[in-house]
Every structure is written in structure tokens, then in C-alpha cells.
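# Architecture at a glance
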Amino acid sequence: MFTEFEGSNQVRRIGVDVGGTFTDLIYVDDEAGRVIVHKTPSTPADPSIGTVSGITELCEMAGIKPADLDQVFHGTTVATNIVIEHDGARVGMITTQGYRDILHIARHKKPMNFSLWQNLPWQAFPIVRRRFRLTVNERIDKNGDILIPLDDAEVRSQVLRLKEAQVEAVAVCLLFSFLNPVHEQRVKKIVQEEFPEAFLSVSSDVLPQYREYERFSTVGLNAFVGPRVARYVRRFDEALRGMGVKTGIHLMTSAAGVATPAAAAERPVNLLMSGPIAGVVGGIWAGRTAGEPNVITLDVGGTSADIGLAQDGKLRMKHLLDTKVGPYQAMIPMVDVDTIGAGGGSIAYVDAGGIFRVGPRSAGADPGPAAYGRGGTEATATDALIALGWLRPELFLGGRIELREDLARAAIDEHVGKPLGLSTEEAAMGIFKVLVHSMVDAIEQASVRKGFDPREFVLVAEGGGGPLFCSEIAPEVGVKHVLVPNYPGITAALGLLTTDMVYEFVATSYAMASGLSADAAARTTLQAQYAKLEAEAAEQLATDNVAPENVVLQRIAEARYDGQGYELRVDVGPGAIDAAWIAELKARFHDIHEREYSRRFEEADVQVANIRVRAIGAMPGLKPTEVAAGSADPVPNARKLDADAWFTAPGGRLVKVMTGFYERTELLAGNVIEGPAIITQFDSTTVVPPGFTATVDRYGNLLVTYSDEIAAAAQSHSAAAAAAAGAH
């Protein structure tokens, strides 16, 4: 599959996104104006196997050698999976005397407030077991002054105890080290002397920020995932360099930037949620090509669905106290992405209480859906889509995977149809509708409940499954229309090629706006703090060989009203910290606080709790070019076949309709396809139900719109559901 892009000075690049079922790859040759996409089954036991083999196959498809590649970008879930599966390193911790149990106590929160019998997951599966949490008698106070000096001999003794316990990683978290790191840095040096083979995670290096529990948890997570992630990154990088790739790999971080292997291996905690975030970045790029800056992205893969939102083409960052991975706090910059267990491999079943459920358990890549014929016997969403006639065996993934419709129907009948007294098609549509409901709810959580009006957004359908579900979801949510990018199945991999190298550097400040206005020394101190972070940021990007003209440094303040316990991120300007700077900070904070909480308090003082510098190393982007133009009617060869497919008619009745199947690569700009229709391509399938229309825009995007009647019916249904919920 080929399309044209106007390029930059970088010539040949590959983006690789590893999912639970498939590994998606995209090759871009800027000079030749060519794009090739590829999908290969993931290898969960060792993701690097599937990744390296996919890159090799893609290079063969492009007619080049791996040595001809200029860059390889990679989004990975390795770190996230380690945390979710509780399968990390044996970690030891050295902390201040009296603070051994911070990780156990946490914030006194319980997952289920009113349950007397529940496991607290951070206690049931501790990042650092209590026997490996050792203390030293030292103390730095809240002003950064030393109260109790560090005893080197005691530190050495504790380090040797951890070495004898055969821990793989050591986390160092001392009290108030974010104000004065001298003790932590001395402990770090002693660990390097006595236990050099241990992976080292030091809070003043990883997260020099206040809040003990969150800091301890994040630094512990960095140590927990560190050894395996570092080995994976180095092994993958070495494999690529062995293949002759010039620059190795760049890895997507949770902050929507990319990092070098060295930076990723040193702070692997920044790779958490790396894969899903690339999908949001790719969705923003796709929206920009279609002239739509406001996008809601729905990336449906084999295991999960990821939902993101961007207004005016800008990523939204999660509050640092909401950035959890599984049950663990990870206080790192993270794009606001929500993930639910709903994908093509989601398993449908009737539970012991007779309730019909779909997911979050997934058939994954192995054995996969029943239709794959690899030993799977449970009914999945993919099996349901086959039974509805939306996925055709002869058109799926270009015929590379043989689909067994008989196995799909048998699995649905056995596990859903017969227990519920439904026909195969009714059960299949039920599976589809349950997943649609879950996705609609997740999108509303990410938009309406956060103060965004979906009517101002388009829904970008991503992943192999997104275009299958989005037409049903769009009128329920109320978005303008659905945007299906040229290559929806590899939008996350494409997003890797459209992002920049990004790091964030943080320091705790505790500066009040009133104090800054009244005290020149306080302004000088804050200015010096920003300057120090900017110097560290510039040094990091220079280490990554980013040219000075491609460096952008952005200042951020984490601010709150005097007396509040939590902060909001505020972008602040560069330059001197003077009266105008302080006034702009306050005005922006009031606006953000009102947007977040519907309240502003102009008379209250504003405190800057933390400051950040976001370092951006500009990377080459992608610029789409127009596709060939045609008339409203597609060329006859684009319609590959006509076959029966099942859809829901007004009133909820299931009907069988003769449906046209089109090959997307043969569609031209200006083509209009009235539903019912199915548009197939190598990496995905787009469903255009009755009452919907798909139009090809100048860049090859599909714009799927729906009639006023469908919009009215959907809103009426939503209003009735809301009224029923209120009545109960």
C-alpha cells in the first residue's frame, strides 16, 4: 500500500507500535513520497522477536536493507505489562529512619470504601517487600538543612544487606531530598561502589518533587520495571544496530515525546502508557489533515480500547495525582488517555448469575478468536463481526489470515446464543452492542464529564477495530462526524513519526504570588530555579544530538489556591519574572481552575508548588499530499462484491441487507458511498450502516456522516436512558 507525503530532510523512517494482538508498523520514505504499512502477530513472551521480525519483513516489502533506515520509532507496553502483571524485579529500598512503611500505608484510600473484606493491591502486591526496605539514620528538614548527618558506614552496611538478599534493583528515597539531594547522592555513590550490578533508582534524579508517598511509589516503580525494560531496550537497540540501522531506536514516553535508548533505560518509568499515547498523537495529526483541530480518538485493538481527547490540536495532560498504572501511583507527566478492556479479542460469556458480559478478558494473540482456528473456542467480538457479515474471510488482512466463519458461529451459539435463547445473529449483535455501550460511556467520561461538548469534536476511528465501531458510537455521543484516517490500523505507529523528543524537568518551589510581587529576592530565586532546569533540559537534548535550532523550552507552573491540597498545570511564559509575568500566571490559573472545577476565586492568593521545564527537540513531521480526484461515484472496480450483512433497523429490529464491499485503496477524492456499505483495507474495515454516508476527502480520509433522523433517534434514546437512570 502506498501513498505520498511531502517529506523533511529525514529520508527513511519506521514507526512500530506493539499491541496485545498485533504489532503495527509503518514505513515512510520522505524523499520518494512513499508509505507502506504492515501488521504482524505480537510475541508477548518476548516483544522484541515480533518487532525485529516485523521490521525485517517491512524492509523487504520496501525493497531496502535495514541499514538504509535513518530512524526507528517505537511505542511499547513492556513497562506497563510488567506493572499490571506484578512481574517486576526484586527491589530493595534505602530510606530515612521512620519512613520504612510509606509504601504500605499510602494515602489511606481503599478501592471499595464500604467493604470490610478487601485486598489493597499495593499491599497485596508490594513494589518493594518490607524485608527489603531498609532505613538509615539521617534527616534533612523542610528548609533543606541537615539535622542528622549521614553515616557512610551505616549506609554501606545496609547496601551490603541488600546485596546479600540478591535484590536486582535499589531505590533510594530520603526525606526532603527534593530540597537538598546531598544525602541521596552520597547513598547513590556508595551503592555504585558496593553493588554496581544493581539497577539504581534515586528520587532526586528520577522525581525531585514533594509528596512522600507518590515520590516513593514512582521511584520504586522505576526500580521495579528497570532491569527488564533496560535489558529489552538495550537488546532491541543492539539488534537494530546489528542490522545496520544508523540511529538505533527512539521510544515513545508517557509525555508524548520520544527518548533515546540511554534515557529510556535510565528512567524506564517514563515509558509507562507509551503505546496508547501514540494513538492520540496520530489522531491529532489525522484531524489536522482534515481541518479538524478538535478530536476524540478511539483506538480499538485486539485487547483494549484507548480513548483520548485533544482540543485545538493540543494534548491534555493528566493531573499528576491521577497518573496511576494499575493500582500504583506513578507521578510522571502523562497524556490524558483512558483505557477499557474492549477490543476485537474481548470474550463474550454468560456468567454464573446469568448476566451477559463482554470482556475485559481477551483471547489476545494466542489463541485469538475462534475464527482464527488456532485453538480458541470462546466467542469474541471478532467472531461476532464475522457472524454479522461485516468481516469477510476473503477480504480480512488481505487474505493473510484465514477466517473460519463456521467456528465463529459455533462459539457464539455455544457460549451466548443457546444460554440466552438467541439466534446466532442476535447474539452477535448483542456482543457488538455491549462493547458499543462501554465505549460510549468511556468517551462521555473523557468529554462531557470533563467539560467538553462532543458536538464540537470529530471522532477519529483508529486501530483495527475503531472503524468497525465508530459509526454506531458517533450519534450516541453526538460528535460532528467520524474521521477514518488513511491507515486507521496503524495510526498509533504513524503517531510515533509525528511527535517530537520531549523531556520534563521538575523542581519544588513553594512560591506565593503575593510573595513574588513583594519580594525581589523571591523572584530572583524562582528565576534561578527555572534557569537551572532549562540548563539541564538543554544539556539532555544536546546529549541526544538535537540541533540547537530544533530545541524549544517551555515553562510550566503547577499552581493552586492558598490552602488547596492539589495543583493544576499552567503554561507560563519565558523571560523575566516580573509583575506582568505574575499577573499572567494568576489569570491563566483562574481560567484553568474555572474550567476544571466551575469556580474561580480572584481574591485568593495563588501558590506555585512545583515548576517544570518541558524540553522539546523538534523531529521531522509528516505532511500529507492530495490523492487523485474522482467523481461522486467510485470507479466500478472499487466495489469488490455484494453480500448479506446484518444491521439494526429503526425500532431495534435486526435486518439482513444486501451490502456493497469496497476496496479503499481504489477510492478517489470526492467519492461518496451511501450505506449500507463495508470499506475494506489491509489494516482495518470501516462499517457504513444504513442512513450513513462516507465521503473521501482531498487527502484520502473517510468522513462518515449520519442523517438527521439517526441523530434525533440517538438523542431520544440517550434522553430516555438518562431519565430511566434518574428514576432508579
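None of these values were measured; they are calculated from a predicted model. (Residues numbered from 1 in each chain as written. Predicted model: local features only at pLDDT ≥ 70, side-chain atom pairs only at ≥ 80, totals over all residues. Heavy atoms only, no water.)

### Observations concerning helix α12 (residues 405-420)
End to end, α12 covers 21 Å across 16 residues, agreeing with the expected 22 Å (1.5 Å per residue, within 8%). Remark: the principal bend of α12, roughly 50°, maps to D413. Taken together, the buried positions of α12 are A408, A411, I412, V416 and G417. Contacts from the buried residues of α12 go to β20 (346-350), β21 (356-362), α11 (381-387) and α13 (424-446). Just downstream of α12, G421 is the residue with a positive phi angle, here 70°. (Helix = DSSP H or I, 4+ residues; strand = E, 2+ residues; numbered from the N terminus. Expected span 1.5 Å × (residues − 1). Bend = angle between axes of the 7 residues up to and from the residue. Buried < 20%, exposed > 50% of the residue type's maximum accessible area, 1.4 Å probe, protein only. Contact = heavy atoms within 4.5 Å.)

### Some points on the environment of L541
Looking at the secondary structure, you find L541 in helix α17 (residues 520-543). If we skip the residues at most four places from it in the chain, L541 touches M501, Y503, V546, V551, A615, I616 and G617.

### So, the pairing of strand β14 (residues 295-300)
The element β14 is largely enclosed, with a buried count of six among its six residues. Neither face of β14 is exposed, since V295, T297 and D299 on one face and I296, L298 and V300 on the opposite face are all buried. In sequence, β14 turns back onto strand β15 (residues 305-311) through a hairpin of four residues. The sheet contact formed by β14 and strand β22 (residues 458-462) spans five bridges and is parallel. For D299, the partnering residue across the bridge sits in β22 and is E462. (Pairing = 2+ DSSP bridges.)

### Describing empty space enclosed by the protein
What the rule picks out here adds up to four cavities of 30 Å³ or more. Quantified by volume, the largest cavity comes out at close to 70 Å³. For the lining of the largest cavity, the elements supplying multiple residues, two or more each, are α10 (274-289) and α15 (491-498). Top element by residues in the lining of the largest cavity is α10. It accounts for three residues. By volume, the second largest cavity is sized at about 50 Å³. Contributing to the lining of the second largest cavity are L103, W122, P126, I127, V128, Y213, S217 and Y328. Among the residues making up the lining of the second largest cavity, the classes are represented as seven nonpolar, one polar and no charged. (1 Å grid on protein atoms, 1.4 Å probe; cavity = no way out; pocket = protein on both sides within 12 Å on 5 of 7 lines; lining within 4 Å. Points joined across faces, edges and corners; volume = space filled by probe spheres on them. Nonpolar A, V, L, I, M, F, W, Y, C, P; charged D, E, K, R; others polar.)

### Re unusual backbone geometry
Cis rather than trans, the peptide bond between G359 and P360 has omega equal to 0°. Mapping P360 onto the fold places it in strand β21. Cis peptide bonds are those with omega within 30 degrees of zero, and the linkage from G675 to P676 qualifies with 10°. Its identity is not glycine, yet R211 carries a phi of approximately 90°, on the positive side. Note on placement: R211 falls in the loop between α7 (203-206) and α8 (212-242). Its identity is not glycine, yet A256 carries a phi of approximately 75°, on the positive side. For A256, the position within the fold is in the loop between β12 (249-252) and β13 (257-259). Using a relative accessible area of 4% as the deciding quantity, one classes A256 as buried.

### Thoughts on the packing of aromatic side chains
Counting across every chain of the model gives twelve aromatic pairs. Of note, R392 hangs over the ring of F661, and the distance from its end group to the ring centre comes to 6.0 Å. (Phe/Tyr/Trp six-rings, centres within 6.5 Å; stacked < 30°, edge-to-face > 60°. Lys NZ or Arg CZ within 6 Å of the ring centre and 35° of its normal.)

### Looking at the environment of I94
Relative to the helices and strands, I94 is located in strand β6 (residues 91-96). Leaving out residues up to four positions away in the same chain, I94 has contacts with L134, V136, V159, L162, A171, V172, C173, L174 and V187.

### Considering the sheet that holds strand β33 (residues 685-688)
With mixed pairing, four strands are arranged side by side in an open sheet as β29-β30-β32-β33. Every other strand in the sheet has two partners, leaving β29 (639-648) and β33 as the edge strands with one partner each. Geometrically, the sheet is characterised by an average inter-axis angle of 25° between neighbouring strands, direction not taken into account. Here four bridges tie strand β32 (residues 677-680) to β33, and the two strands are oriented antiparallel to one another. Paired with I678 across the strands is V687, a residue of β33. (Axes fitted to C-alpha atoms, helices over the stretch in contact; angles between N-to-C directions.)

### Examining the pattern of salt bridges
Under the definition given, this model contains 38 salt bridges. Across the pair D24 and K39 runs a salt bridge, and its minimum N-O distance is 2.6 Å. With D24 in strand β3 (residues 22-29) and K39 in strand β4 (residues 34-41), the pair connects residues that are 15 residues apart, well separated along the chain. Like K39, D24 is buried. (Salt bridge = Lys/Arg side-chain N within 4 Å of Asp/Glu carboxyl O.)

### A look at the nonpolar core
Membership of the largest hydrophobic core comes to 149 residues, with the highest contact counts inside it found for I26, I55, L69 and Y530. By residue number, the principal contributor to this core is α8, which donates 13 residues. When residues of this core are assigned to domains, at least three map to each of domain 1 (1-269) and domain 2 (501-617). In this structure I55 touches I14, V16, L25, L69, V72, F236, L240 and M243, once residues within four positions along its chain are discounted. (Core = buried A, V, L, I, M, F, W, Y, C linked by side-chain atoms within 4.5 Å. Domains from an automatic or database assignment.)

### So, the domain arrangement of the protein
Under the domain assignment, the protein is made up of domain 1 (1-269) and domain 2 (501-617). Placing the centre of domain 1 and that of domain 2 at their C-alpha centroids yields a distance of 26 Å. With 14 residues of domain 1 at the contact, the number on the domain 2 side is 18 residues. Each partner contributes to the roughly 1200 Å² buried at the junction of domain 1 and domain 2, and carbon and sulfur atoms together form 48% of this total. The three residues of domain 1 that bury the most area against domain 2 are Q209, Y210 and R211, which together make up 37% of that side's buried surface. Where domain 1 meets domain 2, there are one salt bridge. Linking E567 and R211 is a salt bridge whose minimum nitrogen-to-oxygen distance equals 3.0 Å. On inspection of domain 1 and its partner domain 2, the count reaches seven residue pairs in polar contact (both at pLDDT 80 or more). Here the element with the most residues in the side of domain 1 that touches domain 2 is β13; it accounts for three residues. A per-class count over the side of domain 1 that touches domain 2 returns eight nonpolar, five polar and one charged. (Buried area = accessible area lost by both parts, 1.4 Å probe. Polar contact = N/O pair within 3.5 Å; in protein donor to acceptor, adjacent residues only side chain to side chain.)

### A few points about helix α5 (residues 152-164)
With 13 residues, α5 extends 18 Å from end C-alpha to end C-alpha; this agrees with the ideal 18 Å at 1.5 Å per step. Looking only at α5, the buried set comprises V155, Q158, V159 and L162. Relative to the axis of α5, the buried residues are bounded by an arc of 100° and lie together on one face. Among the exposed residues of α5, those pointing more than 90 degrees away from its buried face are A153 and E164. Looking at the buried positions of α5, the neighbouring elements they touch are β6, β7 (133-136), β10 (169-173) and α6 (182-194). Its side-chain oxygen 3.0 Å from the backbone nitrogen of A153, D151 forms the N-cap of α5. Directly beyond the C-terminal end of α5, a positive phi value near 60° is found at Q166. (Arc of directions from axis to C-beta.)

### Structural notes on the packing of helix α1 (residues 47-62) against α8
Packing of α1 against α8 brings their axes to within 10 Å, and their N-to-C directions diverge by 25°. On the basis of their axis angle, the class for α1 and α8 is roughly parallel. In terms of crossing hand, the pair formed by α1 and α8 is right-handed. Facing α1, whose interface residues are P47, S48, T51, V52 and I55, α8 presents Y232, R235, F236, A239 and L240. (Parallel < 35°, antiparallel > 145°, perpendicular 65-115°, else oblique. Left-handed = near helix turned anticlockwise from the far one by under 90°.)

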